[in-house]
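Understanding the architecture of this molecule
Given next are the chains, with one letter for each unit.
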Amino acid sequence: GILRILSIHFQKLVSLQLLVAEGMGVEQALEKQRIFFKQKPLFTQQLRRWTLPVLQRANYALLECEALLKTGTVPDTLVCEELLFRLSRSAARAA
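Residues numbered from 1 in each chain as written. Predicted model: local features only at pLDDT ≥ 70, side-chain atom pairs only at ≥ 80, totals over all residues. Heavy atoms only, no water.

For the rest of this paragraph, the subject is the packing of helix α1 (residues 2-21) against helix α4 (residues 52-71). Their axes nearest at 10 Å, the elements α1 and α4 cross at an angle of 155°. For the element pair α1 / α4, the angle class is roughly antiparallel. The two elements α1 and α4 cross, and the hand of that crossing is left-handed. Contact with α1, carried on its side by L3, R4, L6, S7, F10, Q11, L13, V14, Q17 and L18, involves L52, L55, A58, N59, L62, C65, E66 and L69 of α4 and no other residues of that element. A per-class count over the contact of α1 with α4 returns twelve nonpolar, four polar and two charged. (Axes fitted to C-alpha atoms, helices over the stretch in contact; angles between N-to-C directions. Helix = DSSP H or I, 4+ residues; strand = E, 2+ residues; numbered from the N terminus. Parallel < 35°, antiparallel > 145°, perpendicular 65-115°, else oblique. Left-handed = near helix turned anticlockwise from the far one by under 90°. Contact = heavy atoms within 4.5 Å. Nonpolar A, V, L, I, M, F, W, Y, C, P; charged D, E, K, R; others polar.)

The next point concerns the layout of surface pockets. Each pocket or cavity is described by its volume, and for the largest pocket that value is around 160 Å³. Lining the largest pocket we find V54, R57, A58, A61, L83, R86, L87, S90, R93 and A94. In terms of residues, the lining of the largest pocket owes the most to one element, helix α5 (residues 76-94), which gives six residues. (1 Å grid on protein atoms, 1.4 Å probe; cavity = no way out; pocket = protein on both sides within 12 Å on 5 of 7 lines; lining within 4 Å. Points joined across faces, edges and corners; volume = space filled by probe spheres on them.)

Our focus in this paragraph is α5. Given a rise of 1.5 Å per residue, 19 residues ought to cover 27 Å, and the 27 Å separating the end C-alpha atoms of α5 matches this to within 8%. Those residues of α5 that fall on the buried side of the exposure criterion are V79, C80, L83, L87 and A91. Angular distribution of buried residues about the axis of α5 spans 100°; they occupy a single face of the element. Among the exposed residues of α5, those pointing more than 90 degrees away from its buried face are T77, A92 and R93. (Expected span 1.5 Å × (residues − 1). Buried < 20%, exposed > 50% of the residue type's maximum accessible area, 1.4 Å probe, protein only. Arc of directions from axis to C-beta.)

The following block contains the structure:
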């Protein structure tokens, strides 16, 4: 569901940030990761906003949520809402 989609997206952002940190240009990194041309402006904006440490924390939070959901002890909606709130708060702070 939504957590898998978010996880894949954040993993792409981490990969892109690592390529840029190694000295590759943003456009080259986007090409190497095969980002669809219509999504390139959004990824470029997100790369400016999300630093590598913040992305790594977001990925960790996603993994924690997935693990929590697998226990079945907490309602899925509650876990997803809390995660989305945390991620949007992180994005707002980074802006």
